[in-house]
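Spelled out, the chains give:
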Amino acid sequence: MPKNKTHSGTSKRFKVTGSGKVRRLQAGRKSGAAFASAPTTGSRKKHRRNAGMVELEKSDVKRVKKMLGI
């Protein structure tokens, strides 16, 4: 029986907690500099609100776990 390979892109984007929950980075965090003066980059408040990890939606858990080889 061949082994399952972990999808490298998925392993960079998702983390599994000790209890088996899947966490992802909050959307909208990566675009724009957090503290730049240009009006299109967003405020400090917006970047603080989008900070950190959030739990993955129930409908996506099965697919992501399969790609992680769990």
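Refer to the structure presented above.
Reading guide: rules and limits
- Residues numbered from 1 in each chain as written.
- Predicted model: local features only at pLDDT ≥ 70, side-chain atom pairs only at ≥ 80, totals over all residues.
- Heavy atoms only, no water.
- Patch = residues over 30% accessible without salt bridge, like charges linked within 9 Å, V, L, I, M, F, W, Y side chains within 5 Å.
- Areas by Shrake-Rupley, 256 points an atom, 1.4 Å probe, with all protein chains shown as cover.
- Salt bridge = Lys/Arg side-chain N within 4 Å of Asp/Glu carboxyl O.
- Lys, Arg positive; Asp, Glu negative; His and termini not counted.
- Charge placed at Lys NZ, Arg CZ, Asp CG, Glu CD.
- Helix = DSSP H or I, 4+ residues; strand = E, 2+ residues; numbered from the N terminus.
- Pairing = 2+ DSSP bridges.
- Axes fitted to C-alpha atoms, helices over the stretch in contact; angles between N-to-C directions.
- Polar contact = N/O pair within 3.5 Å; in protein donor to acceptor, adjacent residues only side chain to side chain.
- Contact = heavy atoms within 4.5 Å.

Remarks on a positive patch on the surface
Reasoning step 1: Together, Arg44, Lys45, Lys46, Arg48 and Arg49 make up a region of like positive charge exposed at the surface.
Reasoning step 2: Mapped onto the elements, Arg49 comes out in helix H2 (residues 44-49).

With respect to the sheet that holds strand E3 (residues 53-55)
Reasoning step 1: What the 3 strands build is an open sheet, ordered E1-E2-E3; its pairing is antiparallel. Two strands in the sheet have a free side with no partner beyond their single neighbour: strand E1 (14-16) and E3. On average, each strand axis in the sheet is inclined to that of its neighbour by 35°, with strand direction left out of account.
Reasoning step 2: As paired strands, E1 and strand E2 (residues 22-25) are joined by 3 bridges and run antiparallel to one another. Its bridge partner lying in E2, Phe14 is registered against Arg24.

Some words on the side chain of Arg24
Reasoning step 1: Structurally, Arg24 can be placed in strand E2.
Reasoning step 2: Within polar-contact distance, the side chain of Arg24 engages the side chain of Glu57 at 3.1 Å.
Reasoning step 3: Residues within four places of Arg24 in sequence aside, it is in contact with Arg13, Phe14, Gly52, Met53, Val54, Glu55, Leu56 and Glu57.

Topic: the pattern of salt bridges
Reasoning step 1: Within the structure shown, the criterion is met by 2 salt bridges.
Reasoning step 2: The salt bridge partner of Glu57 is Arg24, with a shortest N-O separation of 3.1 Å. With Glu57 in the loop between E3 and helix H3 (58-68) and Arg24 in strand E2, this pair connects stretches of sequence that are 33 residues apart.
Reasoning step 3: Note that Arg63 and Asp60 form a salt bridge whose closest N and O atoms lie 2.8 Å from each other. One end of the pair is Arg63 and the other is Asp60, both in helix H3 and 3 residues apart, which spans about a single turn.

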